[in-house]
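Okay, here's what each chain looks like letter by letter:
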Amino acid sequence: MRRSPMAPRSDDRDLVAFLGGLCLFLSTIEYLVPKPVPFLRIGIANLPLLIGLGLLSPGQLLLVALLKVIGQGLVSGTLATYVFLFSAAGTFASALSMLAVRRLAGPRMSLVGISVTGALLSNLAQIGLAIAMDLIGQGAWVIAPPFIAAGTVSSALLGWFAERFTGSSRWLASVRGGT
């Protein structure tokens, strides 16, 4: 039986599953890291999304983002709470903005810039959702600057790591080469 040219290859499905599983693992590690503020995350579970930018189609990358959100909800026990909405809003704002920047800027923007852009849009989506849901009222304007500053620093470090990894990983080179 002939496969449709639009059907995903088995290797692609395996890569989506691997990156989704890596998101779950990194979410678990991130959940164990003490946080100065309950909602503040350092974002290491976004590493598979950054790596996946150069490997996956937009639909596949968004599937990894969905697996990340569901995995984080399961790990943290927030799947049926408003916190899950914040995670979903932030993750999809980040993933969509990273895809857009990658498409528009191509190789002219490093993974550091892409990561910082994704974090900024994620933070803005979450702050906007908090304001829209009237969860913290005017407090959103008080927490926004440190929230965005912490997100910028952690995403720059994450982007730097992703840049180094994608430039030196033999595993990634084999995935790109299909061997």
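Calculation notes
Residues numbered from 1 in each chain as written. Predicted model: local features only at pLDDT ≥ 70, side-chain atom pairs only at ≥ 80, totals over all residues. Heavy atoms only, no water. Helix = DSSP H or I, 4+ residues; strand = E, 2+ residues; numbered from the N terminus. Rg over C-alpha atoms; globule rule 2.2 N^0.38 Å. Buried < 20%, exposed > 50% of the residue type's maximum accessible area, 1.4 Å probe, protein only. Contact = heavy atoms within 4.5 Å. Areas by Shrake-Rupley, 256 points an atom, 1.4 Å probe, with all protein chains shown as cover. Lys, Arg positive; Asp, Glu negative; His and termini not counted. Charge placed at Lys NZ, Arg CZ, Asp CG, Glu CD. Polar contact = N/O pair within 3.5 Å; in protein donor to acceptor, adjacent residues only side chain to side chain. Axes fitted to C-alpha atoms, helices over the stretch in contact; angles between N-to-C directions. Parallel < 35°, antiparallel > 145°, perpendicular 65-115°, else oblique. Left-handed = near helix turned anticlockwise from the far one by under 90°. Expected span 1.5 Å × (residues − 1). Nonpolar A, V, L, I, M, F, W, Y, C, P; charged D, E, K, R; others polar. Core = buried A, V, L, I, M, F, W, Y, C linked by side-chain atoms within 4.5 Å. pLDDT = per-residue confidence, 0-100.

**Notes on the overall build of the protein**
Across its full length, the protein carries seven helices and zero strands. In the protein, the order of α-helices and β-strands from amino to carboxyl end is α-α-α-α-α-α-α. For 179 residues, the compact-globule estimate of 2.2 N^0.38 gives 16 Å, and the C-alpha radius of gyration of the protein, at 17 Å, lies within 12% of that figure. If one aligns the C-alpha atoms of the protein with their principal axes, the spans along those axes are about 60 × 35 × 30 Å. Counting every position in the protein, which comprises 179 residues, the buried fraction comes to 39%. Counting only contacts in the protein whose residues sit at least 6 apart along the sequence, the fraction spanning at least 24 positions is 65%. Summed over its atoms, the accessible surface of the protein is roughly 10,100 Å², and 69% of this surface lies on carbon and sulfur atoms. Looking at the protein, you have 13 positive and 6 negative side-chain charges, and the mean spots of the two groups are 6 Å apart.

**Points about the side chain of Ser 94**
Here Ser 94 is to be found in helix α4 (residues 82-105). Accessibility expressed as a relative area gives 5% for Ser 94, which makes it buried.

**Some thoughts on the environment of Ser 168**
By secondary structure assignment, the location of Ser 168 is in helix α6 (residues 139-168). A distance of 2.9 Å separates the side chain of Ser 168 from the backbone oxygen of Arg 164, its partner in a polar contact.

**Regarding the environment of Ala 45**
Mapped onto the fold, Ala 45 is located in the loop between α1 (10-32) and α2 (47-52). We classify Ala 45 as buried; its relative accessible area is 0%. Each C-alpha atom, one on Ala 45 and one on Leu 24, is 7.4 Å from the other, the two residues being 21 residues apart in sequence.

**Some points on the packing of helix α3 (residues 58-76) against α4**
The geometry of α3 relative to α4 is characterised by a closest axis approach of 10 Å and an angle of 155 degrees between their N-to-C directions. Here α3 is positioned roughly antiparallel relative to α4, judged by the angle of their axes. For the crossing formed where α3 meets α4, the hand is right-handed. Touching Pro 58, Leu 61, Leu 62, Ala 65, Leu 66, Lys 68, Val 69, Ile 70, Gln 72 and Gly 73 of α3 are Phe 84, Ser 87, Ala 88, Thr 91, Phe 92, Ala 95, Leu 96 and Leu 99, all from α4.

**Regarding α3**
The end-to-end C-alpha separation of α3 is 27 Å, in line with the 27 Å expected for 19 residues at 1.5 Å each. For α3, the set of buried residues is Gln 60, Leu 61, Val 64, Ala 65, Lys 68, Val 69, Gly 71, Gln 72, Gly 73 and Ser 76. Just past α3, the residue Gly 77 takes up positive phi, approximately 75 degrees.

**A closer look at the packing of α6 against helix α7 (residues 170-177)**
Relative orientation of the contacting elements α6 and α7 amounts to 65 degrees, with a least axis distance of 6 Å. Across from Phe 165, Thr 166 and Ser 168 in α6, the residues of α7 making contact are Arg 170, Trp 171, Leu 172 and Arg 176. A class-by-class count of the residues in the contact of α6 with α7 yields three nonpolar, two polar and two charged.

**Some remarks on the nonpolar core**
Of all hydrophobic cores here, the largest spans 26 residues; its most connected members are Leu 50, Leu 53, Leu 56, Val 64 and Ile 114. Leu 40, Ile 127, Ala 140 and Phe 147 belong to the second-largest nonpolar core, a separate cluster that totals five residues.

**Section: the confidence of the model for the protein**
Mean pLDDT over the protein works out to 88, with 91% of the residues at or above the 70 mark. Per-element averaging of pLDDT across the protein places α7 at the bottom with 88 and α2 at the top with 96. In the model, residues 1-5 has pLDDT below 50 throughout and makes two contacts with residues more than four positions away in sequence or in other chains.

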